[in-house]
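Spelled out from the first residue to the last, the chains are:
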Amino acid sequence: RTSVVLPYAEAEIKKSNGCDPLAQTQRSKLQHRRARINQQINKEMRMRAGAENLFRATTNNKVRETVALELSFVNSNLQLLKEELEELNSNMEVYQTDSESVNVPMIPLGLKETKEVDFTVSIQDFICEHYGEDSSLYDKEITELMELRQAMRTPSRNQSGLELLMEYYNQLYYLDQRFFPPHRNLGVHFHWYDSLTGVPSSQRALAFEKGSVLFNIGALYTQIGARQDRSAAAGIDRAIDAFQRAAGAFNYLKENFSNAPSLDMCGPSLCMLVRLMVAQVQECVFERVTLTTPEAHFPSQLRLAQEAARVTARQTMTQPLMKDYVPFSWASMVQVKSEHFRALSHYYTAVALCDHTSSAEEEEEEEAEKAFLQFYVSSPAGPLLICHLRKIITSAGKAHLRRAVIRHEEAMRVHGLCKILRKMDILQDVLSLTHKRSLDKYSELDREDDFDETAEAPEIQSQTQQKPDITPPNFSTVQVTDIFQRLGPLSVFCARARWGPVRVIGLQGREGGLGLTLRGDSPVLVAGVVPGGCAAEAGLREGDYIVAVDGHDCKWAKHSEVVQMLKGCSDRGAELSVVTLHSHDTQVRTLSCHSNFMDSFLIHVSSFHQIYRKSVL
């Protein structure tokens, strides 16, 4: 195929395959169970809608009682199914890394499920009606499109899976241009299930399909980020990149798609997901700072405490709509993380204060004083410089340690209230280890002869060494070729263009030539017809586009190729297939994108018409 320069870069399209849906991996089993529950929820909701309609329509009290009883059963089944789906959505461990390192688990997002879509009849009818061609000639292209969509339903959890989703997303641009006119839809219904509740939604708008695919791109990034081994800096950097790209995908979806029929793609939900991904980026930044922070360096320990405080500032799910929508385990996990990182913030503050010695160099002391002055949200009363703090340093350290222990215990309490979180051994290990570490440190400082009252630890000013970067999706990194490019260049042969039926013109050469002027490339335009000439008598008109010469398709032919074909048959005559363009809603936009329509070497011109290659035959 010949590539065309359009808004997305293109290349030879290749056979794409998703994961084997029958492969018995943990993740495939999880997705299979999600798909089954989604179908059951869809069935129960249809039954409920029918029962509610019958209840409203009938006046028979006995029938109403029977329907009301049936409705109670249906609602009960729906509630059980939604609880089962919530438990699956809360199954975070299957997406985590297999590394033995002990890290706080990340929250991944499951993919939206979708039903199969059969484009065959709709596209065939549109090709016959709009393009006036034999639709059976495009069976291969239709099959290729449907195979690509089928493959993107089960993408692998790696870069290949992301490229598969982006490839289909880019193909939807061409599908929109080819088969979706501005004031008419193709008649294809796109069915997608809510990622968290399983509630089905259906629309005929291609924008819903594009938005759902974009949502899955973001969701897949969350799964890739969660599976990274964060015991080393390289794995942490990969996780940061994945979560930033997930945030970018959800933010792009929020800004470019509106009126989503499913709750997971509405504005508040996407805002929540962006904030959640940014918070997880901040967690990864904290973990990376932890790897590189010297244990006995006072300013570094304070920066580590501020980094932990920064994480807590990002974890919010407080909006009423989101509070009722997100799984209980998600809300519990966010609360656990909030308490956990607040505890870590106070712990590292205590370590900085208690382990700081007076033997440091003068230059280091100045650095420590500067760091400490900017450490608290509001400075405690009195000049708390390091030199004055030495007398009460143990008391200040104990105050922060006490706050750390309280926060650790609160995190463990919230963790214990959620059945799903209790099953996560790795989370239990993290909370237990950090709690024990704070208790051990407090035991070192707590002396029986210490009768001083422990002060209240001030709030710590959050600060980060790396602000999260919400990275929007870059679709041009995945190059695709228009599957239906045999229909012709998009500058002319698109759903927004209107033209008459194909006319077959028989030309017979004369001594004076064919009597026509050609201009442009792909397709070649009849720029002028000589009155009384061969072309005029045959019925050729100015403004016709040549789509075939003697049965040879010329939609993509260059100007010189069409000229040579006509010159070669000028003596014996030629049979031209032409179409006349009546209107085009996007002529200006497509011309700017379709550079092949312009002559590249004629630059210095005095009029618009001179920029096209021109031949007189």
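In the nomenclature of an unreviewed UniProt entry, the protein is known as Rhophilin Rho GTPase binding protein 1 of Scophthalmus maximus. The heading Sequence similarities (unreviewed entry) in the UniProt record of the protein holds the text "Belongs to the RHPN family."

A. Broad picture of the overall build of the protein. Looking only at helices and strands, one finds 19 helices and 10 strands in the protein. Scored against the burial criterion, the 617 residues of the protein give a buried share of 52%. Long-range pairs, those at least 24 residues apart, make up 78% of the contacts in the protein with a sequence separation of at least 6. Summing over all exposed atoms, the protein offers an accessible surface of approximately 29,200 Å²; the carbon and sulfur share of this is 50%.

B. Expanded view of the nonpolar core. In terms of nonpolar packing, the biggest core is built from 125 residues, with F119, I123, L175, F179, F190, F250 and F484 touching the most fellow members. In contact with I123, other than residues within four places in its own chain, are I142, L145, L175, F179, L186 and F484. Counting residues in each nonpolar core, the second largest holds 20 residues, with V524, L540, C554 and L566 among its members.

C. Quick look at unusual backbone geometry. Residue P523 follows S522 across a cis peptide bond; omega there is 0°. Its location among the elements puts P523 in the loop between strand 5 (516–519) and strand 6 (524–529). Residues other than glycine seldom take positive phi values, yet N259 does so here, at roughly 55°. Mapping N259 onto the fold places it in the loop between helix 7 (233–256) and helix 8 (267–292). Residue classification places N259 among the exposed positions, given a relative accessible area of 72%. Phi at D550 is positive, roughly 50°, even though this residue is not glycine. With respect to the secondary-structure elements, D550 resides in the loop between strand 7 (544–549) and strand 8 (552–553).

D. Summary view of helix 3 (residues 120–131). In this model, helix 3 (12 residues) spans 16 Å end to end at C-alpha, consistent with the 16 Å of a helix rising 1.5 Å per residue. Listed in full, the buried residues belonging to helix 3 are S122, I123, F126, I127, H130 and Y131. Axial view of helix 3: buried residues confined to an arc of 130°, hence all on one face. For helix 3, the exposed residues set more than 90 degrees away from the buried face come down to V121 and E129. Where the residues of helix 3 are buried, they touch helix 4 (139–152), helix 5 (159–179) and strand 3 (497–499).

E. Inspection of the pattern of salt bridges at higher detail. Under the defined criterion, the tally for this structure stands at 17 salt bridges. Where E444 meets K441, a salt bridge forms, and the shortest distance between an N and an O atom there is 3.9 Å. Residue E444 and its partner K441 are located together in helix 16 (residues 425–445), separated by three residues, close to a single helical turn. Overall, the relative accessible area of 58% leaves E444 in the exposed class. Among the residues examined, K441 registers a relative accessible area of 12% and is labelled buried.

F. Spotlight on the pairing of strand 5. Here strand 5 shows a buried face lined by L516 and L518 and a second buried face lined by T517 and R519. What sits between strand 5 and strand 6 in their antiparallel hairpin is a turn of four residues, with G520 showing a positive phi close to 85°.

G. Representation of the packing of aromatic side chains within the structure. Following the criterion strictly, the structure yields 12 aromatic pairs and no others. Where Y173 meets Y174, the ring centres are 5.2 Å apart and the plane angle is 75°; that geometry is what we call edge-to-face. For Y173, a relative accessible area of 11% puts it in the buried group. Seen in terms of ring centroids, F215 and F250 are 5.4 Å apart; in terms of plane orientation they differ by 55°. Their pairing is tilted. Residue F215 is found in helix 6 (residues 206–226), and its partner F250 is found in helix 7; the two are separated by 35 residues along the sequence. Residue class for F215 comes out buried when judged on its relative accessible area of 1%. Classification of F250 by relative accessible area gives buried; the value is 0%. Every member of this aromatic cluster is reached through a ring pair, and the members are F126, Y131, F179 and F484.

Cut-off values and rules
Residues numbered from 1 in each chain as written. Predicted model: local features only at pLDDT ≥ 70, side-chain atom pairs only at ≥ 80, totals over all residues. Heavy atoms only, no water. UniProt positions renumbered as here; feature names shortened; annotations may be inferred. Helix = DSSP H or I, 4+ residues; strand = E, 2+ residues; numbered from the N terminus. Buried < 20%, exposed > 50% of the residue type's maximum accessible area, 1.4 Å probe, protein only. Contact = heavy atoms within 4.5 Å. Areas by Shrake-Rupley, 256 points an atom, 1.4 Å probe, with all protein chains shown as cover. Core = buried A, V, L, I, M, F, W, Y, C linked by side-chain atoms within 4.5 Å. Expected span 1.5 Å × (residues − 1). Arc of directions from axis to C-beta. Salt bridge = Lys/Arg side-chain N within 4 Å of Asp/Glu carboxyl O. Pairing = 2+ DSSP bridges. Phe/Tyr/Trp six-rings, centres within 6.5 Å; stacked < 30°, edge-to-face > 60°.

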